[in-house]
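# Understanding the architecture of this molecule
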Amino acid sequence: MKLNTTNILFLTLFAFSSCNEKLETKPSDFLSPVNYYETEAQLNAALNGVYDPLGQEAMYGNGLLTYLSYGNDEAIWRASGQTTGPMVYNYDPSEANIDNLWTALYYCINRANVLIENIEKANASDRAKEIIRAQALFLRGYYYFMLADNWGAVPIKLSSTQSANDVNIPSSPVSEVFARAVSDIEAAEALLPTASEWGDNSAGRISKNTARGILARVYLTMAGEHLKDTGKYQDALKWSKRVIDSRESSLNPDYSQVFINHCQDKYDNIYRESMWEVEFYGTKSDIYGEVGYNGNRNGIASNNIDFPGYGYAFLFATAKLFNKYESRGTGANESSPDERRDWAIAPYTWNDNTKTKVMMPYNATSPYNRYPGKWRRDLETNLPRNKNYSGVNFPLLRYADVLLMYAESEFRVNGATADAYNAINQVRRRAYGKLKPGASNLSEADLSGLSDEAFFKAIVDERMRELAFECLRTHDLKRWGLLVSTLKEFAADIKQNAPANRKFSSIVGDNVQPRHFYYPIPSREISLNKAIEQNSNW
């Protein structure tokens, strides 16, 4: 979201003093609610502060883009010397990135609680307060979903912290944490505006369909390994279908344009495929400060700041992901009818001297040295570029994801029906260019007549192809109960088929264990909160 004077005022008001308490204590410099929350503008400033942490480095500004969303089998850490950290499953409860995410989530929750407690004090219309409350509820629910998804049983706080001594809060069972997330988000869905009512920047604010799509994600997670409550597939089906039936979103016919829009701060009000984004803006050298690392640490390597833009490129796309996309021909004649491959995985590198693209060859070893290409710094329009930061937005929910969630939940409830095939085939048709004007031969992309086992595998593979690098692969593998087995198989393939200089990538599968299903509770939290217990096997 773009910073303005209202945001700056709010961030000043919400500046928490440095403290060791992890479940967010009351800060000494926090202005009393008696002096604030008097107008609608002040409420919206406070609401911006509940959104704002999504873009912090602990979350989607950096940590979730790189350290905490890999390893898996879609991308591997590029540096061969990387032998510790979450991305190679070698960490302990003192891991800084895990600690930072935990802290940020409870920080967000406390902000939401403060706002919810003070909304009625403002001189604003009932509808304005209702919409603000709905967004705060949604965000609190989303943050609790992230806690349940990553840690399982955690403390639930539904009121703002009033005392620096009030930190001894026991964890609630994971089922109750998920239930809290569902309760908040469903309450928000009933009150939220539609995307059309939000207008041009509907992706930057929570709409009714955003809540529905995230509810589908939450229920699918509850139906999977976290709770194994298969009845929740019916709920996932209900909420994903409501998104589809609303007809507010559709697939952009051009897959690449979805991500070009993120790079150029454009909002697609025709298709509205990008249903919710973390908004970044500016260059950090201008009056704006809401920047992240999207396209920098998870993009194409380059040493030029001005063009195409500096890229640290921490990650390589995996050969497994590359080979998931259909290929035709061999050698110089190799191509892919799936248009996603050469956008999601860059088919070129940059020549730093001439600032020109160097197309990569197609041979047996080339899939092991390719960069993620979804967000490309040369497309940025906020100039001059900053070496370390970008204003490139990051998607948290796309309509393509909703279609695939619908296909999966429909399959779980009713089998591989025509509706389930139609949903997955819509995504595949776009991937094969069949949604563009004048396109024909839809059957090339369509699936049909699969066994139940093959249909589920198609869902698994299609989500990997479509949603690559969107911080969902590890989440999906966990909820399907496939994390350990998939990464063990991935490691075996690396050892057998990768070139010598890439065999170190097998460390991801070599290290992963069942205990990695959940993060450990941060050691600092354990030391401060005497009522909390460490997760099993940590």
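Everything discussed here concerns the structure shown above.
Throughout what follows, the structure given in this document is the object of discussion. (Residues numbered from 1 in each chain as written. Predicted model: local features only at pLDDT ≥ 70, side-chain atom pairs only at ≥ 80, totals over all residues. Heavy atoms only, no water.)

### Let's talk about the pattern of salt bridges
In plain terms, the rule: By salt bridge we mean one thing: a side-chain nitrogen of Lys or Arg within 4 Å of a carboxyl oxygen of Asp or Glu. In this description a helix means any DSSP run of H or I spanning at least four residues, a strand means any run of E spanning at least two, and both kinds are numbered starting from the N terminus. Each residue is assigned to one of three classes by its accessible area relative to the maximum for its type, calculated with a 1.4 Å probe on protein chains only: buried under 20%, partly exposed between the two thresholds, exposed over 50%.
Evaluated as defined, the whole model comprises 39 salt bridges. Here Lys457 ties to Asp461 by a salt bridge, and the two come within 2.7 Å at their closest N and O atoms. Of the two residues, Lys457 and Asp461 both sit in helix H14 (residues 452–466), four residues apart, roughly one turn of that helix. A relative accessible area of 47% places Lys457 in the partly exposed class. Look at the salt bridges and you will find they share partners, linking Glu273, Asp338, Arg340, Lys374, Arg398, Arg428, Arg430, Glu462, Arg465, Glu466 and Glu470 into a network.

### Side note on empty space enclosed by the protein
Applicable threshold: We place a 1 Å grid over just the protein atoms. Points where a 1.4 Å probe fits but has no way out form a cavity, open points with protein on both sides within 12 Å along at least 5 of 7 lines form a pocket, and any residue with an atom within 4 Å of a point lines it. Grid points are joined across faces, edges and corners, and a volume is the space filled by probe spheres set on the points.
Considering all chains together, one arrives at nine cavities of 30 Å³ or more under this definition. Of the volumes computed, that of the largest cavity is approximately 440 Å³. Forming the walls of the largest cavity are 28 residues, and the residues nearest its centre are Leu64, Ser69, Asn150, Cys471 and His475. Counting residues per element, the ones that place at least two in the lining of the largest cavity are helix H4 (126–151), strand E6 (394–398) and helix H15 (473–479). The element contributing the most residues to the lining of the largest cavity is H4, with five residues.

### With respect to the packing of helix H2 (residues 40–51) against H4
Stated precisely, the cut-off is as follows: Helix axes are fitted only over the stretch in contact, all axes being lines through C-alpha atoms; the angle between N-to-C directions runs from 0 to 180 degrees. An angle counts as roughly parallel when it lies under 35 degrees, as roughly antiparallel when it exceeds 145, as roughly perpendicular when it falls between 65 and 115, and as oblique in every other case. The sense of a crossing depends on the near helix, which, turned anticlockwise from the far helix by less than a right angle, makes the crossing left-handed and, turned clockwise, makes it right-handed. Residue contacts are defined here by distance: any two heavy atoms, one from each residue, within 4.5 Å place the two residues in contact. Following the grouping adopted for this structure description, the nonpolar residues are Ala, Val, Leu, Ile, Met, Phe, Trp, Tyr, Cys and Pro, the charged ones are Asp, Glu, Lys and Arg, and the polar ones are all others, Gly among them.
Put simply, H2 and H4 touch, their axes get as near as 10 Å, and they point 15 degrees apart. Judged on the interaxial angle alone, H4 and H2 are roughly parallel. Handedness of the H2/H4 crossing: left-handed. Contact with H2, carried on its side by Glu40, Leu43, Asn44, Leu47, Val50 and Tyr51, involves Ala128, Lys129, Ile132, Gln135, Ala136, Leu139 and Tyr143 of H4 and no other residues of that element. Across the contact of H2 with H4, the residue classes break down as nine nonpolar, two polar and two charged.

### Concerning the nonpolar core
Heads up, the condition is: Residues enter a nonpolar core if they are buried and are Ala, Val, Leu, Ile, Met, Phe, Trp, Tyr or Cys, with the set joined through side-chain atoms within 4.5 Å.
Counting 136 residues, the largest nonpolar core has Met59, Tyr142 and Tyr143 as the members making the most contacts within it. In terms of residue count, H4 provides more of this core than any other element does, 14 residues in total. Setting aside residues no more than four positions away along its own chain, Tyr143 makes contact with Val50, Tyr51, Leu54, Met59, Leu105, Cys108 and Ile109. Formed by 14 residues, the second largest nonpolar core is a distinct cluster that contains Tyr368, Tyr371, Phe490 and Ala498.

### Points about helix H3 (residues 96–118)
Rules: Working rule for helices: expected span equals 1.5 Å times residues minus one.
Under the 1.5 Å per step criterion, the end-to-end length of H3 is 33 Å for 23 residues, consistent within 8% with the ideal 33 Å. Burial analysis of H3 places 19 of its 23 residues in the buried class, the great majority of the element.

### Considerations on the environment of Ser327
Cut-off, in case you're wondering: Any pair of N or O atoms that falls within 3.5 Å is considered a polar contact. Within protein, one atom must be able to donate a hydrogen and the other to accept it, and sequence-neighbouring residues count only if both atoms are side-chain atoms.
Inspection of the secondary structure puts Ser327 in the loop between helix H10 (319–324) and helix H11 (341–344). Distance in space between the C-alpha atoms of Ser327 and Tyr371 is 18 Å, their sequence separation being 44 residues. The contacts of Ser327, once residues within four sequence positions are left out, are Glu334, Ser335, Ser336, Pro337 and Arg341. Of the polar contacts made by the side chain of Ser327, one reaches the side chain of Arg341; its length is 3.2 Å.

### So, the pairing of strand E4 (residues 348–351)
The line we're drawing: Strand pairing requires that DSSP identify at least two bridges connecting the strands.
Taken together, the four bridges between E4 and strand E5 (residues 356–359) define a ladder with antiparallel strand orientation. Paired with Tyr348 across the bridge in E5 is Met359. Hairpin connection between E4 and E5: a loop of four residues separates the two successive antiparallel strands, and Lys355 in this loop has a positive phi of roughly 55 degrees.

### A short note on unusual backbone geometry
For the peptide bond that leads from Phe307 to Pro308, omega is 5 degrees, which places it in the cis range. By the element assignment, Pro308 lies in the loop between strand E2 (274–278) and strand E3 (315–317). Along the chain, Leu383 connects to Pro384 via a cis peptide bond; the corresponding omega equals -5 degrees. Mapped onto the elements of the fold, Pro384 is located in the loop between E5 and E6. One non-glycine residue, Tyr89, lies in positive phi territory at about 55 degrees. On the basis of relative accessibility, which here comes to 9%, the residue Tyr89 falls in the buried class. Backbone geometry places Lys228, a non-glycine residue, at a positive phi of 55 degrees. If you trace the backbone, Lys228 turns up in the loop between helix H7 (208–223) and helix H8 (232–246).

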